[in-house]
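Per-entry structural report
The lines below spell out each chain.
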Amino acid sequence: MHKALYRTYRPQNFDDVVGQKHIVKTLKNQIENNNISHAYLFCGTRGTGKTSTAKIFSRAINCTNDIKPCNECDSCKFILENKSIDIVEIDAASNNSVDDIRELRESVKYSPTNFRYKVYIIDEVHMLSQGAFNALLKTLEEPPSYVIFILATTEPQKIPATILSRCQRFDFKRVSVKDLVSRMSYICEKENVEIEERALDLIARNSQGALRDALSILEQCISFSEDKVFYNDVVDILGLVNVESLFDISNSIINKDTKSSMKFLNEFILWGKDIKNLVDDLINHFRSIMICKVSDDLDDIISLPDETIAVLKNQANSVEVDDLIRILNILSKTKDDIRFSTNQRILVEIAIMKIAQPIFDDSKEALLKRIEALEDAIENGAVVFRENSDYKTDDLIDKQDTYIPQEIISEEVSLIENSWSKILQNIKNDKTNAKSVSYASLLSCVKNFKVNGNILYLTFSKDYEFAKNRLYEENIIAYIKDIIKDTIKREFNLRLILDDEIEEVSKEKDEYEEKLYSFVDKEILEIVDK
Ligand SMILES: Nc1ncnc2c1ncn2[C@@H]1O[C@H](COP(=O)(O)OP(=O)(O)O)[C@@H](O)[C@H]1O
Ligand SMILES: [Mg+2]
Ligand SMILES: [Zn+2]
């Protein structure tokens, strides 16, 4: 029969117990100096070695050899084979009544049959009823010299003070990533399993400091892989976002490369991963970058391997704190929004657009970014100044139509293209407008999209001029504009045109740009800065 790894590798002596040096050392000393206590309380997260240590201890105090437990003398063997009635394990989760404890008190009266000590290991002791605690207390108050109690719990705060005060308490710590890795390496060696070092590291980091969890994941990975266990197997099994893809996608986000961000997002979805995981991981990742930026002493704050921290620091150098704040804000908002949404993907796409291009984002940080971009453009000579141009400050602040580089325009076009069927669907499903179904079908004749600043052109081929004409009404256009705004969170002024009118649009664009540049003036930037 197959036996789980974590059972097979239950530590058998004190030195096998990892990560609990302080406890092991004290217990060993007590045994050596013959001053063991009559009641212990082992506290700590599950899977950190409480039960294992209790078992080792119960053998050690009964062992007849020098190195205790030897696991070879009659007494050790007898206990290891579970034949001894003097070592009693009670699961308080299922034996928590007064009667259960009364029974226990009854048996405490009889001295051990074979050994020196009788040991009661009470697991999940916080589950005892009030009456059971009271009954237990009586025994703890005057225990026979041959009786030892080891109470184990994950929730010491639920134990009555009267009990606590009678016990010597040991707190089992979460096992560090390093100790988890070394124990897993040892086990893999014993099992003749080949495994990548960073695979072990990844398992360790996903075990919350519980060795039992680490071993369960390890076991899954071993049975999943064919010969060697690779990092990517672990990523798959845990449904994680690969650290490398996290660096890739965050890099493109930081570099405001929307196109490759979208590409990574798409790959991620193709692999069938949960988009919520991605957002969570991105938040954690940017949080780590933030920590790198503001702190030198990272080891305690983020438990990541050194080489990962080195790459993180590199990334931290290429991004400003205010940008990070903006990114984290957008991502946290997205995390909230996608919880109940059926359009998780679109929301994440919008978030990426917002991060990359502050023009989609109307937060204060974004506004500052836009001004910065404008300043850069001026510095680089991308903007021509005209002295004494006519302007009003209000004009500038209201004006959405600032300088927009060509890449952004094409990103906006692809945003529309990607969202178009969703937009049509939203129009079709709109019960508040009696004509919405007909608008949707007319709009499905749109052939192309073109964006110029804040204007979105929907172009129709000559064959569908009728559709264009039917839609060509101020209130219909306003209606479509609103739905677009609701769907993609971006407000455009709409123009419906025929394909062959596109020439004129280009002309209009030039005029538009000229008008735009005339708005930009050193003095205006100073005003905005205040
Ligand atoms: N500190 C540890 N050292 C070595 N193995 C451990 C340790 N903690 C847990 N394990 C592994 O996990 C399994 C369960 O541990 P256990 O002692 O029952 O944890 P707990 O009682 O704290 O929940 C053990 O069989 C062992 O394989
Ligand atoms: Mg246990
Ligand atoms: Zn022994």
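Now for a quick tour of the structure. (Residues numbered from 1 in each chain as written. Chains lettered and ligands numbered in written order. Predicted model: local features only at pLDDT ≥ 70, side-chain atom pairs only at ≥ 80, totals over all residues. Heavy atoms only, no water.)

Here we take up the environment of L104. Residue placement: L104 occurs in helix 5 (residues 98-108). When its relative accessible area of 5% is taken as the criterion, L104 is described as buried. Linking L104 and V88, residues 16 residues apart in sequence, is a C-alpha distance of 9.4 Å. What L104 contacts, discounting residues up to four positions off in sequence, is I90, Y120, I122 and F149. (Helix = DSSP H or I, 4+ residues; strand = E, 2+ residues; numbered from the N terminus. Buried < 20%, exposed > 50% of the residue type's maximum accessible area, 1.4 Å probe, protein only. Contact = heavy atoms within 4.5 Å.)

Position of V88 among the secondary structure elements: in strand 2 (residues 87-91). Note on V88: relative accessible area 23%, which makes it partly exposed. As for V88 and F149, which are separated by 61 residues in sequence, their C-alpha atoms are 9.7 Å apart. Leave out the neighbours within four places in its chain, and V88 touches V119, Y120 and I121.

Side chains of nonpolar character tend, in soluble globular proteins, to be buried together. Core analysis: the largest hydrophobic core is formed by 64 residues, its most contacted members being F286, W420 and L458. At nine residues, the largest contribution of residues to this core is made by helix 14 (residues 275-294). Every residue in contact with W420, bar those within four places of it in the chain, is listed here: L443, V446, F449, L458 and I484. By size, the runner-up hydrophobic cluster in this structure holds 27 residues, among which are Y9, M184, C188 and V229. (Core = buried A, V, L, I, M, F, W, Y, C linked by side-chain atoms within 4.5 Å.)

Next up on the list: the coordination of the zinc ion (ligand 3). A four-donor tetrahedral metal ideally has 109.5 degree angles, and a six-donor octahedral metal ideally has angles of 90 or 180 degrees. For the zinc ion (ligand 3), the full set of protein donor atoms is C63 (SG), C70 (SG), C73 (SG) and C76 (SG), and the range of their distances to it is 2.3 Å. Coordination at the zinc ion (ligand 3) comes from four donor atoms whose angles at the metal span 103 to 119 degrees, giving a geometry best classed as tetrahedral. The sequence pattern formed by the donor residues of the zinc ion (ligand 3) is C-x6-C-x2-C-x2-C. Like C63, the residue C70 is buried in the burial classification. (Donors = N, O, S within 2.8 Å, 3.2 Å for Na, K, Ca; no water. Tetrahedral: all angles 85-135°; square planar, octahedral: opposite > 155°, others 65-115°.)

Moving on, we get to unusual backbone geometry. Residue P69 follows K68 across a cis peptide bond; omega there is -5 degrees. Locating P69 in the fold gives a position in the loop between helix 3 (50-60) and helix 4 (74-80). Even without being a glycine, N192 presents a positive backbone phi close to 60 degrees. Given a relative accessible area of 72%, N192 falls into the exposed group. The phi dihedral of K256 falls on the positive side, at around 55 degrees, and the residue is not glycine.

Overall, the coordinates contain nine aromatic pairs when judged by the stated rule. Plain terms: the ring middles of Y439 and Y479 are 5.9 Å apart, the flat faces sit at 55 degrees to each other, and that makes the pair tilted. Of this pair, Y439 sits in helix 21 (residues 436-443) while Y479 sits in helix 23 (residues 474-488), and the two are 40 residues apart along the sequence. The buried category is assigned to Y439, whose relative accessible area is 10%. A network of ring pairs unites the aromatic residues Y40, F42, F57, F170 and F172 as a single cluster. (Phe/Tyr/Trp six-rings, centres within 6.5 Å; stacked < 30°, edge-to-face > 60°.)

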